[in-house]
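What follows is the residue order along each chain.
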Amino acid sequence: MEKLIQRVRGMNDILPEEEAAWSFLESNAINLFSAYGYKRIQIPVLERTELFRRSIGEVTDIVEKEMYTFEDLNGDSVTLRPEATAGVVRAGLSNGLFHNQQQKLWCSGPMFRHERPQKGRYRQFHQLNVEAVGYSGPSLDAELIVMAARLWNCLGLKSPTLEINSIGTPSARANYRKALVEYFRARQDQLDHDSQRRLERNPIRILDSKNPSMQVLLGEAPLLTDYLDAESCTHFEEVKSLLSGVGVDFTENPRLVRGLDYYNRTVFEWVSDQLGAQSAVCSGGRYDGLISHLGGKDTPAVGWALGVERVVELLRVEGSDVPRRSPDAYLAIIGDIGRTQSFVLGESLRDSVPGLYLLVDAIGGTLKSQLRRADRSGAKLALILGNDEQKGDHISVKPLRDDRPQLVLTLDELIKHLRNGVD
Ligand code: ATP
Ligand code: MG
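Residues numbered from 1 in each chain as written. Chains lettered and ligands numbered in written order. Predicted model: local features only at pLDDT ≥ 70, side-chain atom pairs only at ≥ 80, totals over all residues. Heavy atoms only, no water.

Attention now moves to the packing of aromatic side chains. Under the counting rule described, the total for this entry stands at five aromatic pairs. Note on Phe 33 and Trp 106: the rings are 5.4 Å apart at their centroids and 45 degrees apart in plane angle, and the pair reads as tilted. Of the two residues, Phe 33 sits in helix α1 (residues 19-35) while Trp 106 sits in strand β5 (residues 103-112), which places them 73 residues apart along the sequence. Ring centres of Tyr 176 and Tyr 227 lie 5.5 Å apart, and the angle between their planes is 55 degrees; this geometry places the pair in the tilted category. On the criterion of sequence distance, the pair formed by Tyr 176 in helix α6 (residues 170-185) and Tyr 227 in the loop between α8 (215-219) and α9 (230-245) is long-range, its members being 51 residues apart. Cluster of aromatic residues (ring-pair linked, three or more members): Phe 33, Trp 106 and Trp 304. (Phe/Tyr/Trp six-rings, centres within 6.5 Å; stacked < 30°, edge-to-face > 60°. Helix = DSSP H or I, 4+ residues; strand = E, 2+ residues; numbered from the N terminus.)

What follows is the structure, encoded as structure tokens:
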């Protein structure tokens, strides 16, 4: 026998049994996006490497060590997207979407990061992303955050809590950076290897370190909040008061800096205490500098990304009531001559009963074995088209989930019966 080929580490097969939860999340999210005026944009999975180097930042975990980068057959360096914002901005600029106009966009799909695989952290994972481009005021920051809160509500999730911070303007950060470098220089012996390297090139990133032995040092470091510019402070106050005004609770976390370079002002993370170490389920913020940085006009923007695998896991852990659809009916046949009739009957039932979820037996065998399959399928009714029923143009209807008696119906009566059941 040939050896089975293994999947690539960190890349998951998402199996049919998980479909209900994925669809539940996606359909609720898409309904919400459209109810807030967000339109779908679809962007390639593969982009020029330069796009991510320039937008995410050279001294970030993603660009330094997590990207799937390779040369294509022309020798061009390309990268599997590690996140969506850079691609959405690139696409918006390439297609003139941001020229003197606002855009509310959403997209979804797989992202790729060569991280250490563990529960909740994969090398291929999926995101739902929203981006609002061309809006500078605090109401869009708040709207995006509230939209996530509304999504948890629709999904019946209780555990996500909101952490927010403002990281100010680039010049406020430059002042803070000086203070931070001074602080870390005086304690250089306590820095881990990564942080030593970052000290010169991107010291604020040190705060993002997950290394447990660094946490005390980080806990006593100067706070960015003390260096914020006045306008960012006002913006932040307004975001918070909008959130409070609609009853969305939050915790201010002055150490929340986010892992990507392009954020300014508002940053936020929805976290859950039900997921173990990989607790962030939805993260985002404002990125007013990114569009000009990628060659466009100065254009403000704000967005978030939700980790689909983590939210699906949360649905499971919290025991959310995920709707699962079972077949309305399973059509069994007796005898081979019924095969064509049952095929035709199946299609005419689909024509006459909108939304009908019908399985037509395609394997055959004894009625008993077909009814066993009908039962396993979860169908509510078995429809039995037998030789006698064909002659008289009648179909037997056998309830599979309760003790109601079996009926023998004409086609018209069956259609009515099914319409009542499907509505
Ligand atoms: P983390 O701190 O967990 O590494 P992050 O800050 O790198 O997250 P973002 O780049 O903001 O995450 O991505 C948005 C969301 O995507 C995260 O909140 C998380 O839910 C999800 N996510 C990020 N990386 C992974 C991964 N490797 N596997 C599964 N989900 C992920
Ligand atoms: Mg990360």
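So much for the structure itself; the text now carries on.
For strand β12 (residues 329-333), the buried fraction is high: five of the five residues fall into the buried class. Side chains of β12 alternate between two faces, with Ala 329, Leu 331 and Ile 333 and Tyr 330 and Ala 332 buried alike. As paired strands, β12 and strand β13 (residues 358-360) are joined by three bridges and run parallel to one another. Paired with Tyr 330 across the two strands is Leu 359, which belongs to β13. Summarising the sheet, β12 and strand β14 (residues 381-385) pair through five bridges and their orientation is parallel. For Tyr 330, the partnering residue across the bridge sits in β14 and is Ala 382. (Buried < 20%, exposed > 50% of the residue type's maximum accessible area, 1.4 Å probe, protein only. Pairing = 2+ DSSP bridges.)

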